[in-house]
Amino acid sequence: MQQNGEASRRIASISAHLHPPSTPMQGSTSLRWANCRAKGGAPGFKVAILGAAGGIGQPLALLMKMNPLVSVLHLYDVVNSPGVTADISHMDTGAVVRGFLGAPQLENALVGMDLVIIPAGVPRKPGMTRDDLFKINAGIVRTLCAGVAKCCPHAIVNLISNPVNSTVPIAAEVFKNAGIYDPKRLLGVTTLDVVRANTFVAEVLGIDPREVNVPVVGGHSGVTILPLLSQVKPPCSFTSEEIDYLTSRIQNGGTEVVEAKAGAGSATLSMAFAAAKFADACLRGLRGDAGIVECAFVASQVTELPFFASKVRLGRGGAEEIFPLGPLTEYERAGLDKAKEELAGSIEKGVYFIRKS
Ligand SMILES: NC(=O)c1ccc[n+]([C@@H]2O[C@H](COP(=O)([O-])OP(=O)(O)OC[C@H]3O[C@@H](n4cnc5c(N)ncnc54)[C@H](O)[C@@H]3O)[C@@H](O)[C@H]2O)c1
Ligand SMILES: O=C(O)C[C@H](O)C(=O)O
């Protein structure tokens, strides 16, 4: 009798959770069960992915569901998020997954988030530059960041949508207009440049890429991607032919993938890997771990430009320290001049997009 009573009590309690007042995507049973579990308040961080049903979004959602630092994972997109959410939510890892579909659900997706990762937007096709994406992606980033400003103004934002050199300034202007701008919490994700640089340098040196660390500074497009090959760890030297080859391969890594995919998009899997690596570093920083250093495109005084990618120390407040570039070779100084010239225009374009509207 007592056992039956206990069983009925548990079933009644579960069924009460089957129809919570404002469940996102009411159609999915798995989401309702997830909601039920979320009430337990597992320790960890709340993470939202905006653009979660896309080429990057889906594998990134998978990787974030596997991250033990994540307790709640919100998957938002304007299409297909119910299916992705149902699928990911069956993984027997700790994070509770909830899906959100379309603009009316954006705010629910964002309330209470500690980290918001944004890969929403269109990717390149062969023959396009990242700047060709500005027309569509600028507006998408503006809308999503307005949602962040309203619903989770203290969240760390990892911005992936291209052109990063312009979308980060757009986000900064949106946050300034909302009166919540904290430059330390807005980070343009350039980790894929570092991931590629580590891989290509390791190939040349004939060592394991996991042992290599190449700082890549500047921005995330063409000549603005500036690998500092003189500062590679472990310390090593390259011939001038190797430096030309590596610099060009790293700067054109994105185009290499766009051409290989022949119209089917740009890097998604390596980007999801890079984004998950960077998000994990941000979460470890939020947790208070010491010595977390990654490259990112942030508001900066390292050069005369208002934004610049360089090594940053991640902490509870986001990018708590921005490291100077260190000694550069003549080759790198020439690269820096070219990078700054292009970056200045891209930053200005992003700022103007918001100020004119
Ligand atoms: N920073 C980097 O290193 C890097 C690397 C690779 C790709 N990217 C960029 O990431 C972006 C996404 O690439 P992808 O391959 O995943 O593209 P994709 O087209 O496969 O996916 C984009 C997703 O964004 C969604 N989306 C569109 N508008 C939206 C909105 N208003 N709100 C929410 N979601 C919206 C789409 O529905 C789609 O699911 C592109 O701009 C691409 O250039 C950046
Ligand atoms: O190249 C692109 O358009 C996508 C991304 O920026 C990349 O570097 O792979």
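On a predicted model such as this, the values are computed, not experimentally measured, just so you know.

Time to look at the UniProt feature "active site" (unreviewed entry) in the chain. As recorded in UniProt, the feature "active site" (unreviewed entry) lies at His220. Since its relative accessible area comes to 8%, His220 is described here as buried.

Let's shift gears to the environment of Val116. Looking at where Val116 falls in the secondary structure, it is placed in strand S4 (residues 115–118). The sequence separation of Val116 and Val148 amounts to 32 residues, and the corresponding C-alpha distance is 8.0 Å. Apart from the residues within four sequence positions on either side, Val116 is in contact with Ala48, Leu50, Leu110, Val148, Cys152, Ala155, Ile156, Val157 and Asn158.

Neighbouring ligand 2 are Arg124, Arg130, Asn162, Leu192, Arg196, His220, Gly254, Ser266 and Ala267. Between an oxygen atom of ligand 2 and a side-chain N or O atom of Arg124, the distance comes to 2.6 Å. Burial of ligand 2 by the protein chains amounts to 96% of its free accessible area of 260 Å². Considering only residue class, the shell around ligand 2 consists of two nonpolar, four polar and three charged.

Listing the buried residues of helix H10 (residues 253–261) in full gives Gly253, Gly254 and Val258. The buried residues of H10 occupy one face: seen down the axis, they fall within an arc of 140 degrees. Away from the buried face of H10 by more than 90 degrees, exposed residues Glu259 and Ala260 are located. Among the structural elements, helix H8 (191–205) and helix H9 (240–251) are those in contact with the buried residues of H10. Ala262 lies just past H10 and shows a positive phi near 50 degrees.

Now for the nonpolar core. Ranked by internal contacts, the top residues of the largest apolar core, which has 47 residues, are Leu50, Leu110, Val116, Ile118 and Phe175. Those elements that provide at least two residues to this core are strand S1 (45–50), helix H5 (106–110), S4, helix H6 (134–151), strand S5 (156–159), helix H7 (164–177), strand S10 (307–315) and helix H12 (330–355). For this core, the element with the highest residue contribution is H6, accounting for eight residues. Setting aside residues no more than four positions away along its own chain, Leu110 makes contact with Ala48, Leu50, Val116, Leu144, Gly147, Val148, Cys151 and Cys152. In this structure, Ile49, Ile160, Ala272 and Phe278 belong to the second largest nonpolar core, which totals 43 residues.

What counts and what doesn't
- Residues numbered from 1 in each chain as written.
- Chains lettered and ligands numbered in written order.
- Predicted model: local features only at pLDDT ≥ 70, side-chain atom pairs only at ≥ 80, totals over all residues.
- Heavy atoms only, no water.
- UniProt positions renumbered as here; feature names shortened; annotations may be inferred.
- Buried < 20%, exposed > 50% of the residue type's maximum accessible area, 1.4 Å probe, protein only.
- Helix = DSSP H or I, 4+ residues; strand = E, 2+ residues; numbered from the N terminus.
- Contact = heavy atoms within 4.5 Å.
- Near = heavy atom within 4 Å.
- Polar contact = N/O pair within 3.5 Å; in protein donor to acceptor, adjacent residues only side chain to side chain.
- Areas by Shrake-Rupley, 256 points an atom, 1.4 Å probe, with all protein chains shown as cover.
- Nonpolar A, V, L, I, M, F, W, Y, C, P; charged D, E, K, R; others polar.
- Arc of directions from axis to C-beta.
- Core = buried A, V, L, I, M, F, W, Y, C linked by side-chain atoms within 4.5 Å.

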